[in-house]
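Here are the chains, one letter per residue:
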Amino acid sequence: AVTAAIASFANVPAPWVEVTLSLARRLAPSELLPRRLAGSVRVQYVISIPAGDGPEVEALADAAMDKMRALTPSAATTALQSAISDKVASALFTVVVDAIF
């Protein structure tokens, strides 16, 4: 779901996107969510545009970079929440994108 969302952001086919997720967990304070896990996930991605000749490939790469640079945390939060909710019950998690680097 994360791969599909990133591919959609960049307007490239999903097979061109490679995603790595890193999980950092901690126990939530017991007064808030007893015995539940809370944490964050770091999402790293690489978009590999197949080599080719001509200005079309360069234009596609430039357009993908421009779209990813323009992506805001708010827009990413909405899109990722929706994409993941389609695959998993949304009551199990909350998506909040804090920053995009």
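The coordinates are above.
In this text the structure is predicted, and so the values were computed from the model without any measurement.

Caption draft 1: Broad picture of the overall build of the chain. From N to C terminus, the chain includes three helices and two strands. Within the span of the chain, comprising 101 residues, buried residues form 19% of the whole. Long-range contacts, defined here as pairs at least 24 residues apart, represent 47% of the contacts in the chain between residues at least 6 apart. For the chain, the computed accessible surface area is about 7,300 Å², with 56% contributed by carbon and sulfur atoms.

Caption draft 2: Here's a closer look at helix 3 (residues 73-85). The first and last C-alpha atoms of helix 3 sit 18 Å apart over 13 residues, in line with the 18 Å expected at 1.5 Å per residue. All of the buried residues along helix 3 are A76, T77, L80, A83 and I84. Viewed along the axis of helix 3, the buried residues span an arc of 145 degrees, placing them on a single side of the element. Exposed and oriented more than 90 degrees from the buried face of helix 3 are S74 and T78.

Caption draft 3: How the structure looks around the nonpolar core. Grouped together as the largest cluster of nonpolar side chains are 17 residues, with contacts concentrated most on I6, F9, V12, M68 and L80. Secondary structure elements with two or more residues in this core: helix 1 (2-10), helix 2 (55-70) and helix 3. Sort the elements by how many residues they give to this core and helix 1 lands first, with six residues. Residue contacts for M68: discarding those within four places in its chain leaves I6, F9, A10, Y45 and I47.

Caption draft 4: Region of the structure containing a nonpolar patch on the surface. A surface patch of nonpolar side chains, about 360 Å² in accessible area, is lined by L21, L23, V41 and V43. Sorting the residues of the nonpolar patch by element identifies strand 1 (17-27) and strand 2 (37-47) as the ones contributing at least two each. With respect to the helices and strands, V41 occurs in strand 2.

Caption draft 5: Up close: the packing of helix 1 against helix 3. Their axes nearest at 9 Å, the elements helix 1 and helix 3 cross at an angle of 140 degrees. Judged by the angle between their axes, helix 1 and helix 3 are oblique. Here helix 1 and helix 3 pass one another in a crossing that is right-handed. Contacts between helix 1 and helix 3 involve V2, A5 and F9 from the first element and A76, A79, L80, A83 and I84 from the second. Of the residues in the contact of helix 1 with helix 3, the class split is eight nonpolar, no polar and no charged.

Caption draft 6: Examining the packing of helix 1 against helix 2 more closely. Two numbers describe how helix 1 lies on helix 2: the axes approach to 7 Å, and their chain directions differ by 110 degrees. One element, helix 1, and the other, helix 2, form an angle in the roughly perpendicular class. For the pair formed by helix 1 and helix 2, the contact residues are I6, F9 and A10 on the first element and A64, K67 and M68 on the second. Partitioning the contact of helix 1 with helix 2 into residue classes produces five nonpolar, no polar and one charged.

Rules and cut-offs
- Residues numbered from 1 in each chain as written.
- Predicted model: local features only at pLDDT ≥ 70, side-chain atom pairs only at ≥ 80, totals over all residues.
- Heavy atoms only, no water.
- Helix = DSSP H or I, 4+ residues; strand = E, 2+ residues; numbered from the N terminus.
- Buried < 20%, exposed > 50% of the residue type's maximum accessible area, 1.4 Å probe, protein only.
- Contact = heavy atoms within 4.5 Å.
- Areas by Shrake-Rupley, 256 points an atom, 1.4 Å probe, with all protein chains shown as cover.
- Expected span 1.5 Å × (residues − 1).
- Arc of directions from axis to C-beta.
- Core = buried A, V, L, I, M, F, W, Y, C linked by side-chain atoms within 4.5 Å.
- Patch = residues over 30% accessible without salt bridge, like charges linked within 9 Å, V, L, I, M, F, W, Y side chains within 5 Å.
- Salt bridge = Lys/Arg side-chain N within 4 Å of Asp/Glu carboxyl O.
- Axes fitted to C-alpha atoms, helices over the stretch in contact; angles between N-to-C directions.
- Parallel < 35°, antiparallel > 145°, perpendicular 65-115°, else oblique.
- Left-handed = near helix turned anticlockwise from the far one by under 90°.
- Nonpolar A, V, L, I, M, F, W, Y, C, P; charged D, E, K, R; others polar.

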